[in-house]
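Fold and geometry: a report
Each chain is listed here by its residues.
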Amino acid sequence: MSDRNYYITTAIAYTSGKPHIGNSYEIVLADSIARFKRKQGYDVYFQTGTDEHGQKIELKAEEAGISPKQFVDGVSDEIKDICKCLNISYDHFIRTTDDYHEKQVQKMFKKFYEQGDIYKSSYEGLYCTPCESFWTEAQLVDGKCPDCGREVKPAKEEAYFFKMSKYADRLIEHINTHPEFIQPVSRKNEMMNNFLLPGLQDLCVSRSSFKWGIPVDFDEKHVVYVWLDALSNYITGIGYDTDGNSSDLYKKFWPADLHLIGKDIVRFHTIYWPIFLMALGEPLPKQVFGHPWLLAGDGKMSKSKGNVIYADDLAAFFGVDAVRYFMIHEMPYENDGSISWDLMTERVNSDLANILGNLVNRTISMSNKYFDGVVEDKGVSEEVDEDLKKVAKGTYAKVCSKMEELKAADSLTEIFTLFKRCNKYIDETTPWVLAKDEAKKDRLATVLYNLTEGIIIGASLLWPFLPETAEKIAAQLNTSLREFDDLDKFGLFASGTKVTDKPEILFARMDINDVYAEAARIAEIQKKEAGVTEESADENAIEVKMKDEITYDDFAKLQFVVGEIVKCEEVPKSKKLLCSQVKIGNMTKQIVSGIKQYYKAEEMVGKKVMVLLNLKPATLAGVVSEGMLLCAEDEEGNLALVKPEKDMPSGAEIC
């Protein structure tokens, strides 16, 4: 495989329903990485698709009164439409109902069975239908599924099992000798400490209690279980053949350079999938990156609440590139990000309209006003020009470095640092003042040339993330986007080029009242689709029971502050407790909270939270707790941390 080939995949989307904005983040991030690699000169193959089998889909289809195939056809088309809406440049869209995929999965299953990796037995345990997973009593968290927190039911069925332990030591060695394999490092530590080192249990790889799956061809009572089916798409989609007749495409691109997946399915991709590949005798992917989640700013998304956010709704209102920008820019490397209509509006107005759109519009307008649109380099340079040129020429190296670490949000920040520097350059050189002095005309021309050059360098870097916007900028400047190899040079814009005389507003500022009106309109549609009327909404409202009234003096005794979690660990021998080190102004407090079911330790770090500071210390599971993190709880017992609406410093008083 050539060093200039690059194979990137996303997790295939489960076809139980239309994906919300959080599910769409992954495909936009993958698209940006794929486009960036193409611009770097790589021969890129980008695959995504849909996961279409399983009991949950069989039940959904039954509820809808149609066949499972009809159901998944409709959802798969919806997912393709979202990809089209978001300008996703995938090379292949695989469906696990594709004939070639199903045939190869059957071959793999038979090979595993014949070489002794799979055996038939029966499974008796506690079953979670939404996750399609069996659990033991010890694995449950508060009696519920440890993955999704839902109810489990006793179940028993005949099944085939894969001998995971047969390959566990080999996988541990691979992870230890390939530190880049699982990223971020916190995900690697979780897999090693929670699953591999304690010892792997054999994995159920078939089901006999439902029919919607790939039949085991030598035992048609069984269908192949979802993970063996779904994970195999990464090789079947590029022409893998179990019998040794794999395609040239497979030989060219496997092993994959990057599996981009959500943090909730890291276990399947870094334990089960590598072991399947080892059993097939195939090389392992080079890297698996478990990205964080993009969550609704006002809590868990629900149609009955009317707060589900879909990418196509946002794109129709804000524009496609505004949505792409938000999703990439607002996601930290390891911690969850947040999205809401308010946050979208703030980002569009501040970054896209003010920093970028205004810069391009002002520059083109000044070129038209002072030189009839002709941009020329008159060579009248001053010391102030050098810093602009230095920033412009150095931006690509910084962006490239960030992208190598898959820190796409940081890459966008570097690009916008260049645009901000261009805006500062306008303030420093005051073109409107230069225009008043005929003797400064050549200097004015040089200033506008430098601005135009800085903009086209920034736009060329922006293309992988906001392709339509970058192309619009280039078109308005009457030039082409630069090749990446030329982005360390300043002065390549052809002197004498005439820019457009009608500059287009790239991003209009949004009126928050218009945004609220659109959000309310969509919320009403969602509630109607969920069958929620005003009366039923009242019926479903949480019953609030007031405690005894207190006086203001009682309340004044409680000290509520904003804290920032700087470290978090699981409390040993506890299924519920996390121990957080919380920075509060100039002090750090240790606080133990029963939220392990709802938050992983590594995703707590960096969160701003509300803290009851002056609670008397107590010892929980042998660990001292010096305060309380405030949480909200719904009727089902689900918890969510209470966080400040705006970014407030740690130690800020809550009053």
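See above for the structure.
Residues numbered from 1 in each chain as written. Predicted model: local features only at pLDDT ≥ 70, side-chain atom pairs only at ≥ 80, totals over all residues. Heavy atoms only, no water.

**Regarding the overall build of the protein**
The secondary structure content of the protein amounts to 22 helices and 27 strands. The C-alpha atoms of the protein give 28 Å as radius of gyration, which agrees with the globular expectation for 655 residues (26 Å, within 12%). With the C-alpha coordinates aligned to their principal axes, the bounding extent of the protein is approximately 90 × 80 × 50 Å. Of all 655 residues assigned to the protein, the portion counted as buried reaches 53%. In the protein, 75% of the contacts between residues at least 6 apart in sequence involve partners at least 24 apart. Surface exposure of the protein reaches about 29900 Å², of which carbon and sulfur atoms provide 48%. (Helix = DSSP H or I, 4+ residues; strand = E, 2+ residues; numbered from the N terminus. Rg over C-alpha atoms; globule rule 2.2 N^0.38 Å. Buried < 20%, exposed > 50% of the residue type's maximum accessible area, 1.4 Å probe, protein only. Contact = heavy atoms within 4.5 Å. Areas by Shrake-Rupley, 256 points an atom, 1.4 Å probe, with all protein chains shown as cover.)

**Focus: the side chain of Glu-190**
Inspection of the secondary structure assignment puts Glu-190 in helix 6 (residues 185-196). Note on Glu-190: relative accessible area 15%, which makes it buried. There is a polar contact of 3.3 Å between the side chain of Glu-190 and the side chain of Lys-600. Residues in contact with Glu-190, not counting those within four places in the same chain, are Phe-195, Lys-600 and Glu-602. (Polar contact = N/O pair within 3.5 Å; in protein donor to acceptor, adjacent residues only side chain to side chain.)

**Some words on the sheet that holds strand 7 (residues 153-162)**
The strand order 6-5-7-9 describes an open sheet built from four strands, whose pairing is antiparallel. Each of the sheet's edge strands pairs with one partner strand only, and the pair in question is strand 6 (133-135) and strand 9 (203-204). One ladder, built from three bridges, connects strand 5 (residues 118-128) with strand 6; its direction is antiparallel. By the bridge assignment, Leu-126 is partnered in strand 6 with Trp-135. Helix 10 (residues 266-280) rests against strand 6, strand 7 and strand 9 of the sheet, and its axis sits at about 35° to strand 7. (Pairing = 2+ DSSP bridges. Axes fitted to C-alpha atoms, helices over the stretch in contact; angles between N-to-C directions.)

**Digging into the pattern of salt bridges**
Scanning the entire structure with this criterion turns up 38 salt bridges. Asp-43 is the partner of Lys-252 in a salt bridge, and the nearest nitrogen-oxygen pair spans 2.3 Å. With Lys-252 in helix 9 (residues 248-253) and Asp-43 in strand 3 (residues 43-51), the pair connects residues that are 209 residues apart, well separated along the chain. A relative accessible area of 32% places Lys-252 in the partly exposed class. With its nearest N and O atoms 3.8 Å apart, the salt bridge here joins Lys-378 to Glu-376. (Salt bridge = Lys/Arg side-chain N within 4 Å of Asp/Glu carboxyl O.)

**Regarding helix 11 (residues 311-318)**
Along helix 11, the positions that sit buried rather than exposed are Ala-311, Leu-314, Ala-315 and Phe-318. End-on view of helix 11: buried residues confined to an arc of 100°, all on one side of the axis. As for helix 11, its buried residues are in contact with helix 1 (21-39), helix 3 (68-85), helix 12 (320-329), strand 15 (337-339), helix 13 (341-371) and helix 19 (512-529). Two residues or fewer past helix 11, Gly-319 is found with a positive phi of approximately 105°. (Arc of directions from axis to C-beta.)

**Overview of the packing of aromatic side chains**
Enumeration over the complete set of coordinates arrives at 30 aromatic pairs. With a centroid separation of 3.8 Å and an interplanar angle of 5°, the aromatic rings of Trp-227 and Phe-268 are classed as stacked. Taken together, the positions of Trp-227 in helix 7 (residues 226-231) and Phe-268 in helix 10 put the pair 41 residues apart, joining distant regions of the chain. Of the residues examined, Trp-227 reaches a relative accessible area of 16% and is grouped as buried. Through a chain of ring-to-ring contacts, the aromatic side chains of Tyr-7, Tyr-45, Tyr-234, Tyr-240, Tyr-250, Phe-253, Trp-254 and Trp-273 assemble into a single cluster. (Phe/Tyr/Trp six-rings, centres within 6.5 Å; stacked < 30°, edge-to-face > 60°.)

**With respect to the packing of helix 13 against helix 17 (residues 441-462)**
It is the contact of helix 13 with helix 17, at a shortest axis distance of 10 Å, that shows an interaxial angle of 145°. Relative to helix 17, helix 13 is oriented so that their crossing is left-handed. Only Lys-441, Leu-444, Ala-445, Leu-448, Leu-451, Thr-452, Ile-455 and Leu-462 of helix 17 make contact with helix 13, whose side of the interface consists of Leu-356, Leu-359, Val-360, Thr-363, Met-366, Ser-367, Tyr-370 and Phe-371. Here the contact of helix 13 with helix 17 is composed, by residue class, of twelve nonpolar, three polar and one charged. (Left-handed = near helix turned anticlockwise from the far one by under 90°. Nonpolar A, V, L, I, M, F, W, Y, C, P; charged D, E, K, R; others polar.)

**Focus on the environment of Ala-61**
Its location among the elements puts Ala-61 in helix 2 (residues 55-64). Distance from Ala-61 to Thr-242, taken between C-alpha atoms, is 32 Å for residues 181 residues apart in sequence.

**Regarding the pairing of strand 7**
Direction of pairing for strand 5 relative to strand 7: antiparallel, over a ladder of ten bridges. In the sheet register, Ile-118 faces strand 7, and the bridge partner there is Phe-162. In the sheet, strand 7 pairs with strand 9 via two bridges, with the strands oriented antiparallel. When the sheet's bridge partners are listed, Phe-161 is paired in strand 9 with Cys-204.

**Considering the environment of His-259**
Within the secondary structure, His-259 sits in strand 12 (residues 258-262). In this structure, the C-alpha to C-alpha distance between His-259 and Ala-11, residues 248 residues apart in sequence, is 7.4 Å. Sequence-distant contacts of His-259, defined by excluding residues within four places in its chain, comprise Thr-9, Tyr-234, Trp-254, Trp-273, Pro-285, Gln-287, Val-288 and Phe-289.

**Observations concerning the layout of surface pockets**
By volume, the second largest pocket amounts to about 290 Å³. Along the wall of the second largest pocket there are 13 residues; nearest its centre are Tyr-6, Lys-37, Asp-257, Gln-287 and Glu-404. Looking at the lining of the second largest pocket, the elements that each hand over two or more residues are strand 1 (5-10), helix 1 and helix 14 (383-404). (1 Å grid on protein atoms, 1.4 Å probe; cavity = no way out; pocket = protein on both sides within 12 Å on 5 of 7 lines; lining within 4 Å. Points joined across faces, edges and corners; volume = space filled by probe spheres on them.)

**Considerations on the packing of helix 2 against helix 3**
Contact geometry of helix 2 with helix 3 gives a least axis separation of 8 Å together with a crossing angle of 95°. Between helix 2 and helix 3, the angle falls in the class roughly perpendicular. The residues of helix 3 that touch helix 2, namely those facing Ile-57, Lys-60, Ala-61 and Ala-64, are Pro-68, Phe-71 and Val-72. Of the residues contributing to the contact of helix 2 with helix 3, the split by class is six nonpolar, no polar and one charged. (Parallel < 35°, antiparallel > 145°, perpendicular 65-115°, else oblique.)

**With respect to a nonpolar patch on the surface**
On the surface, Ile-550, Tyr-552, Phe-555 and Leu-558 cluster together into a nonpolar patch covering about 450 Å² of accessible area. Note that Phe-555 resides in helix 21 (residues 552-556). Look at Phe-555 and you get partly exposed, because its relative accessible area is 36%. (Patch = residues over 30% accessible without salt bridge, like charges linked within 9 Å, V, L, I, M, F, W, Y side chains within 5 Å.)

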